[in-house]
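# Fold and geometry: a report
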Amino acid sequence: MNATNGNGGASKYITLVSKDGFEFVVLREATLCSDYIKGMLRNNMTEARTGRCELQDINGVILEKVVEYFHYWYKYRDREDVPDMEIPVENCLELVVAADYLGMDSKPH
């Protein structure tokens, strides 16, 4: 499978797959706040060709929240007055670990 848009360019969407098999279709540009995913989608990497990134260290519950953050970041990326995002307390530690793993820090992208 080739993740192109039919005109030879990269597809507008990618699929993120959790370690327990949950799949999330995400706007490619929204994932660019992750250095890890950005690296996977470069050059001739398998993920760049297929548009499918398997994240073997992140479970579906946490990846769902990460995907929610990708859309949140994309929506508010050019704003300074950003509303708080709800994060369940019981997921905080795993989300911090996932954010670190994915290279999502406070630096501008």
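Residues numbered from 1 in each chain as written. Predicted model: local features only at pLDDT ≥ 70, side-chain atom pairs only at ≥ 80, totals over all residues. Heavy atoms only, no water.

Naming follows an unreviewed UniProt entry, where the protein chain appears as Elongin-C of Sordaria brevicollis. The annotation that UniProt attaches to the protein chain under Subcellular location (unreviewed entry) is "Nucleus". (UniProt positions renumbered as here; feature names shortened; annotations may be inferred.)

## Points about helix H3 (residues 60-76)
When the terminal C-alpha atoms of H3 are compared, their 24 Å separation across 17 residues agrees well with the 24 Å that a helix rising 1.5 Å per residue should span. Turning to H3, its buried residues are Gly60, Ile62, Leu63, Lys65, Val66, Val67, Phe70, Tyr72, Trp73 and Tyr76. Elements that come into contact with the buried residues of H3 comprise strand E1 (13-18), strand E2 (23-27), helix H1 (35-40), strand E3 (52-55) and helix H4 (92-101). One side-chain oxygen at the N-terminal end of H3 lies 3.0 Å from the backbone nitrogen of Val61; it belongs to Asn59. (Helix = DSSP H or I, 4+ residues; strand = E, 2+ residues; numbered from the N terminus. Expected span 1.5 Å × (residues − 1). Buried < 20%, exposed > 50% of the residue type's maximum accessible area, 1.4 Å probe, protein only. Contact = heavy atoms within 4.5 Å. Polar contact = N/O pair within 3.5 Å; in protein donor to acceptor, adjacent residues only side chain to side chain.)

## Here we look at the environment of Asp20
Mapping Asp20 onto the fold places it in the loop between E1 and E2. Judged by relative accessible area, Asp20 falls into the partly exposed class, the value being 44%. With 39 residues separating them in the primary sequence, Asp20 and Asn59 have C-alpha atoms 5.8 Å apart. Among the polar contacts listed, one links the side chain of Asp20 to the backbone nitrogen of Gly60, at a separation of 2.8 Å.

## Digging into the packing of H3 against H4
Helix packing geometry: the angle between the two helix axes and the distance between the axes. Viewed as axis vectors pointing N to C, H3 and H4 meet at an angle of 65°, and their least axial separation amounts to 10 Å. Taken together, H3 and H4 sit at an angle that is classed as roughly perpendicular. In this structure, H3 meets H4 at a crossing whose hand is right-handed. Facing H3, whose interface residues are Ile62, Lys65 and Val66, H4 presents Glu94, Leu95 and Ala98. (Axes fitted to C-alpha atoms, helices over the stretch in contact; angles between N-to-C directions. Parallel < 35°, antiparallel > 145°, perpendicular 65-115°, else oblique. Left-handed = near helix turned anticlockwise from the far one by under 90°.)

## Some thoughts on the packing of aromatic side chains
Summed over all chains, the structure comprises three aromatic pairs. Considering the side-chain rings of Tyr36 and Tyr101, the 4.9 Å spacing of their centres and the 40° angle between planes classify their relative orientation as tilted. Of the two residues, Tyr36 is situated in helix H1 and Tyr101 in helix H4; the sequence distance between them amounts to 65 residues. One residue, Arg77, lies across the ring of Tyr74, its end atom 3.8 Å from the ring centre. (Phe/Tyr/Trp six-rings, centres within 6.5 Å; stacked < 30°, edge-to-face > 60°. Lys NZ or Arg CZ within 6 Å of the ring centre and 35° of its normal.)

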